[in-house]
Amino acid sequence: MSEATLTDDIDLLRSQVSEVILPGEPAYDAARATWNLSVDQHPAVVVVTRSPEEVSAAVRFAELKNLGVAVQATGHGTKLPADNALLLITAMRGVRVDPETHTAWVGAGTKWKAVLEEAQKHGLAPLLGSSSDVGAVGFTLGGGMGWLARKYGLACDSVLSFEMVDITGRIMQLSPGSNPALFWAMRGGGGAGLGVVTSMEIQLYPVSTVYAGNLLYPPEMAHEVMARWAEWVQDVPEELTSAVVIMNFPPLPIVPPELQGKSFVMVRGCYCGDVGRGEELIDSWRAWRRPLMDFFHDMPFVQSDMISQDPVDPIPVGITGAWMREITHEAIDAIIRYTLPQGGPPTLLFAEIRHAGGAISRVGADEAAFSHRHHPFSLEMVGIIPTPEAHEHFLEHTEGLRAEIAPCLPGDVYINFLEGEEARRRTPSAFSNESYQRLKRLKAAMDPENTFRYGLDIPPLI
Ligand SMILES: Cc1cc2nc3c(=O)[nH]c(=O)nc-3n(C[C@H](O)[C@H](O)[C@H](O)COP(=O)(O)OP(=O)(O)OC[C@H]3O[C@@H](n4cnc5c(N)ncnc54)[C@H](O)[C@@H]3O)c2cc1C
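Conventions we followed
Residues numbered from 1 in each chain as written. Predicted model: local features only at pLDDT ≥ 70, side-chain atom pairs only at ≥ 80, totals over all residues. Heavy atoms only, no water. Core = buried A, V, L, I, M, F, W, Y, C linked by side-chain atoms within 4.5 Å. Buried < 20%, exposed > 50% of the residue type's maximum accessible area, 1.4 Å probe, protein only. Helix = DSSP H or I, 4+ residues; strand = E, 2+ residues; numbered from the N terminus. Contact = heavy atoms within 4.5 Å. Pairing = 2+ DSSP bridges. Axes fitted to C-alpha atoms, helices over the stretch in contact; angles between N-to-C directions. Left-handed = near helix turned anticlockwise from the far one by under 90°. Nonpolar A, V, L, I, M, F, W, Y, C, P; charged D, E, K, R; others polar. Phe/Tyr/Trp six-rings, centres within 6.5 Å; stacked < 30°, edge-to-face > 60°. Lys NZ or Arg CZ within 6 Å of the ring centre and 35° of its normal.

Peer 1: Requested: an account of the nonpolar core, with residues and values cited.
Peer 2: Formed by 83 residues in total, the largest nonpolar core has its most connected members in V45, L86, F162, M200, I202 and F301. If one sorts the elements of this core by residue count, helix α4 (residues 52-64) sits on top with six residues. V45 has contacts with L6, I10, V20, I21, L22, L67, A85, L86 and L87, leaving out every residue within four places of it along the chain. Core analysis: the next-biggest nonpolar cluster, separate from the first, contains 45 residues, L215, M226, W232 and Y338 among them.

Peer 1: Describe the sheet that holds strand β6 (residues 103-107), naming the residues involved and giving the relevant values.
Peer 2: The antiparallel open sheet is built from five strands, whose spatial order is β5-β6-β9-β7-β8. If you trace the sheet from one side to the other, it starts and ends with β5 (95-98) and β8 (171-174), each paired once. Within the sheet, the average angular offset between the axes of one strand and its neighbour, ignoring direction, is 15°. As paired strands, strand β7 (residues 159-165) and β8 are joined by four bridges and run antiparallel to one another. Note that in β8 the partner of V165 across the bridge is I171. Sheet contacts for α4: β7, β8 and β9 (196-203); angle to β7, the most-contacted strand, approximately 45°.

Peer 1: Please set out the packing of helix α9 (residues 222-232) against helix α10 (residues 275-288) residue by residue, giving values where relevant.
Peer 2: Packing of α9 against α10 leaves a shortest axis separation of 13 Å and a crossing angle of 145°. Crossing of α9 against α10: the hand is right-handed. The segment α9 lies against α10, with E224, V225, R228, W229 and W232 engaging L281, I282, S284, W285 and W288. For the contact of α9 with α10, the class distribution of residues is seven nonpolar, one polar and two charged.

Peer 1: Would you mind going over the packing of aromatic side chains in detail, with residue names and values included?
Peer 2: Evaluated as defined, the whole model comprises 14 aromatic pairs. Through successive ring pairs, a cluster of aromatic residues spans Y217, W232, W285 and W288. For R289, the ring lying beneath its charged end belongs to W288, and the centroid distance is 4.7 Å. Positioned over the ring face of W184 is R438, at 3.8 Å from the centre of the ring.

Everything listed is a geometric property; what it means functionally is a separate question.
What follows is the structure, given as structure tokens:
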């Protein structure tokens, strides 16, 4: 598309939406930025939308100009860069909590932090993940597995309704009683390229104080800690969602001095029932082997970011993962070898195995597009990738690890723990075959030209 053609109707668009930013304009670089700094995208135009009507105008403009539409809230989970596309920024930020019905309305673009803080004023909690800096809607569209997951399920399972703008600019309500097929698709279909979600209504849960944190053991104990954790979680209550992590703290000033440049094996988690019972569960670890550092304590759930302490400032990060059906001693050895430094700087920042199951596994395939709910463990591998070469090395390294632990991997992936091109390549493995075909049929009906083609790879069924 030539500049002249694009700018023909730009004044009309400017009169309909909050902000339109073109290449060369002073705000362009900030507007095209993503939280994950490994993405460098050059959209034809950036449109900041503050209402469903503005989204509708932006989508109609893209159709008129034959531009693809890429949707972004924070850029924590970018798949394809929005090169030459209309980059639609969702800035419909806002939260309304209803303490009577234990529900919240959340505008698209709102980060979990705002929802968490508002809900906690009423002793309620949303199903956010390890970082409250992530966009609530984007997280939920991909499933959404957080520290309350085993007790209350995935975030996508707690959605009561979505509002969505389709490719024609129509504003639609999605719920079990209204457009149920699209409602099904949006619950874990990663947005599925079916439209732009403008808000959602979600269920909240009565969680105020939790027993949560981390136990840090030395890296030499990695095998026995991981093996004990895999055994221990077999019969822990659903109030406990936990993980075992091999962490290589970078030698950076943002890391506390006592941790800088050091590696640990960590048991982390959150118990959302009676605090005393949570303490008893963690006491069993303290009695087994005294940790080097013990950061488990009772805390207001509003501080749940303390559990993972994910970075908030933008960084170039590689994220990949896989569902695991079991954890064998051979798999533990391989994960340790691929994660702990082997004489040079480590490729991975951390490898984390989260315990799934519980309420996650009790939702039927007809209720949500999210698949593979029966797997007990989710492996996530994260690395810092400041250059394309580092990204390439990260992908090769993690592929090598996956190959070594193949007997434990069913071949299925969790889409929120993948980024970039790899997320698109592995999209079919995120869904059961039946659900993937169903999503492709919906795509054919809703967006046959694949205008929303920058998220997951769900092409229209021909
Ligand atoms: C530090 C960190 C911690 C994380 N912790 C967890 C965790 O604990 N559990 C977990 O499950 N995931 C976790 N994630 C993954 C995260 O949930 C995904 O990256 C998620 O997609 C981010 O959503 P976003 O809207 O912030 O990002 P964006 O990059 O803006 O969007 C992500 C994807 O969702 C689509 N999308 C976003 N908004 C809309 C919309 N309104 N309509 C249609 N499509 C939309 C985008 O097109 C894009 O494909 C984490 C990621 C990071 C970087």
